[in-house]
Amino acid sequence: MKTLFQTKPGALLIATLLLASAAIGARSQTPPRSRLELSSLDHLAAKASQSVDVNIDERLMRLAAKAFSDKDADEREVKKLIAGVKGIYVKSFEFETDGQFTAADVETIRAQLRGPGWTKLVNVASKKEGNLEVYLLMVGEDIGGLAVLSSEDRELTVVNIVGPVDLEKLAKLEGQFGVPELGIEKTKDKVKKDEN
């Protein structure tokens with residue numbers, strides 16, 4: 001008596017190829033990952049003189065939105081801005097001395113940002129003031145996430161906003177939810193400064 005493997009090797013090969021192609025097809029339809037894995041930086045907290053770790057997931061974003069008043073114009077704007085955001089994640093470390101984090105630490109984040117959908121929007125390199133990189137995750141024509149990677153001799157910061165991001169409204173998140181000041185000027189404010 002022959003087993004299935006002995007009598008139908010062609011059928012087994014075809015079934016295996018079909019399953020493999022279905023798995024590859026399903027994988028290629030998966031949207032790009034907008035949340036970065038930041039836990040590789042956790043070991044830096046022990047070396048840092050100051051560290052910030054913010055993890056606000058979608059559930060907490062909804063809860064935070066309820067805390068903002070509809071009566072105050074600024075709070076109403078922030079509430080609108082975070083309505084579609086699925087999470088804000090920040091890791092920031094300040095050190096007393098140089099050399100407390102390595103290029104490999106930064107590379108763990110950059111490697112993820114070379115993944116599908118991520119596009120580098122800004123790259124500023126300065127010997128005096130460090131490096132600043134801003135990435136957008138594009139999902140079709142929409143922005144599905146944002147990442148900021150800032151490194152100086154004694155400071156390393158990663159900001160990851162998951163979900164749709166309106167760049168014009170992003171400046172209003174600076175200083176809130178652990179998002180550091182990113183130096184984004186509001187268009188109206190900039191125009192007023194230029195006119196003066």
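Preceding this paragraph is the structure being described.
To start, this report covers the structure provided alongside it.

## Side note on the environment of Val85
Assignment of secondary structure puts Val85 in the loop between α4 (73-82) and β2 (87-94). Val85 sits in the buried class, given a relative accessible area of 5%. Val85 sits 27 residues away from Glu58 along the chain, and the two C-alpha atoms are 7.1 Å apart. Discounting residues that sit within four places of it in the chain, Val85 has contacts with Met61, Ile161, Val162 and Pro164.

## Quick notes on helix α3 (residues 58-67)
Those residues of α3 that fall on the buried side of the exposure criterion are Met61, Ala64 and Ala65. All buried residues of α3 project into a common sector of 105° when viewed along the axis, lining one side. Looking at α3, the residues exposed on the side facing more than 90 degrees away from the buried face are Arg59, Arg62, Leu63, Lys66 and Ala67. In this fold, the buried residues of α3 make contact with β1 (50-56), α4 and β2.

## Here's the deal with the packing of α3 against α4
When two helices pack together, their arrangement is given by the angle between the helix axes and the distance between those axes. Axis separation between α3 and α4 bottoms out at 9 Å; the angle between their running directions is 160°. Between α3 and α4, the interaxial angle falls into the category roughly antiparallel. Where α3 crosses over α4, the handedness of that crossing is left-handed. Of α4, the residues touching α3 (which contributes Met61, Ala64, Ala65 and Ala67) are Glu75, Lys79 and Ile82.

## Observations regarding the pattern of salt bridges
As a working rule, side chains carrying opposite charge can pair if their charged atoms are close by. The tally for this structure, following the rule as stated, stands at 8 salt bridges. One salt bridge connects Asp42 with Lys91, and the closest N-O pair in it is separated by 2.4 Å. Separated by 49 residues along the polypeptide, Asp42 in the loop between α2 (9-28) and β1 and Lys91 in strand β2 bring together distant segments of the chain. Its relative accessible area of 39% is what places Asp42 among the partly exposed residues. What makes Lys91 buried here is its relative accessible area of 7%. Here Lys91 and Asp53 are joined by a salt bridge, their closest N and O atoms 3.1 Å apart. On the criterion of sequence distance, the pair formed by Lys91 in strand β2 and Asp53 in strand β1 is long-range, its members being 38 residues apart. Here the residues in one salt-bridge network are Asp42, Asp53 and Lys91, joined through shared partners.

## Some words on the sheet that holds strand β3 (residues 118-126)
A sheet is described by the order of its strands in space; here 6 strands give the open sequence β1-β2-β6-β5-β4-β3, paired in antiparallel fashion. The sheet is open, and its two borders are formed by β1 and β3, each paired with just one other strand. Along the sheet, successive strands turn relative to each other by an average axial angle of 5°, direction set aside. Examined bridge by bridge, β1 and β2 share 7 bridges and lie antiparallel to one another. Within the sheet, the bridge partner assigned to Val54 lies in β2 and is Val90. Against the sheet, α3 engages β1 and β2, with an angle of about 90° to β1.

Reading guide: rules and limits
- Residue positions are given per chain, counted from 1 along the sequence in the order it is written.
- Only residues with pLDDT of at least 70 are given local features in this predicted model, and only at 80 or more are side-chain atom pairs given and counted; all residues enter the totals for whole chains, interfaces and linings.
- Where side-chain values are given, they derive from all heavy atoms of the structure, hydrogens and water being excluded.
- Think of it this way: any DSSP run of H or I at least four residues long counts as a helix, any run of E at least two long counts as a strand, and we number them from the N terminus.
- Using a 1.4 Å probe on the protein chains alone, a residue whose accessible area is under 20% of its type maximum counts as buried, one over 50% counts as exposed, and one in between counts as partly exposed.
- By the convention used here, residues are in contact when the closest approach between their heavy atoms is within 4.5 Å.
- Working definition: the arc comes from the directions between the helix axis and the C-beta atoms, pointing outward to the latter.
- Only C-alpha atoms enter the line fits that serve as axes; for helices the fit covers just the stretch in contact. Angles between N-to-C directions range over 0 to 180 degrees.
- Roughly parallel means an angle under 35 degrees; roughly antiparallel, over 145; roughly perpendicular, 65 to 115; everything else is oblique.
- Left-handed is the label given to a crossing in which the near helix is rotated counterclockwise from the far helix by less than a right angle, and right-handed is the label when the rotation is clockwise.
- Salt bridges are counted wherever a side-chain nitrogen of Lys or Arg sits within 4 Å of a carboxyl oxygen of Asp or Glu.
- By the convention used here, strands pair only if DSSP detects at least 2 bridges between them.

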